[in-house]
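One letter stands for each residue in the lines below.
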Amino acid sequence: MPAVIEVSCINCDMCVPECPNDAISMGTKHFQVDPQLCTECIGYYDKPTCIAVCPIDCIGLV
Ligand code: SF4
Ligand code: SF4
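To start, this report covers the structure provided alongside it. (Residues numbered from 1 in each chain as written. Chains lettered and ligands numbered in written order. Predicted model: local features only at pLDDT ≥ 70, side-chain atom pairs only at ≥ 80, totals over all residues. Heavy atoms only, no water.)

A separate point is unusual backbone geometry. The phi dihedral of Asp22 falls on the positive side, at around 50 degrees, and the residue is not glycine. If you trace the backbone, Asp22 turns up in the loop between β1 (3–5) and β2 (24–26). Of the residues examined, Asp22 reaches a relative accessible area of 62% and is grouped as exposed. (Helix = DSSP H or I, 4+ residues; strand = E, 2+ residues; numbered from the N terminus. Buried < 20%, exposed > 50% of the residue type's maximum accessible area, 1.4 Å probe, protein only.)

The next point concerns the site of ligand 1. Close to ligand 1 lie Cys19, Pro20, Asn21, Ile24, Val33, Cys38, Thr39, Glu40, Cys41, Pro48, Thr49 and Cys50, which account for all nearby residues. Among the residues forming the shell around ligand 1, the class breakdown is 8 nonpolar, 3 polar and 1 charged. (Near = heavy atom within 4 Å. Nonpolar A, V, L, I, M, F, W, Y, C, P; charged D, E, K, R; others polar.)

Moving on: the site of ligand 2. Taken together, 13 residues lie near ligand 2, and Cys9, Cys12, Asp13, Cys15 and Cys54 sit nearest. The residue inventory of the shell around ligand 2, partitioned by class, reads 11 nonpolar, 1 polar and 1 charged.

Right, here's the structure in full:
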């Protein structure tokens, strides 16, 4: 279940440096998660850290 960033992302950039796998990058309109790289932060954090830091809660797990 990789993290997915919704279209409501405001491109604040807060989640990008927090990802331990460098899975988040800018897409055509907003930031996006590479599902091949996202591991839900297992081994690094108790919870997905991108979800924890996003100020508008626009990241979910699918
Ligand atoms: S859940 Fe963790 S590994 Fe996946 S994109 Fe977010 S910060 Fe990166
Ligand atoms: S923290 Fe949330 S709003 Fe900011 S860039 Fe990441 S997904 Fe978008």
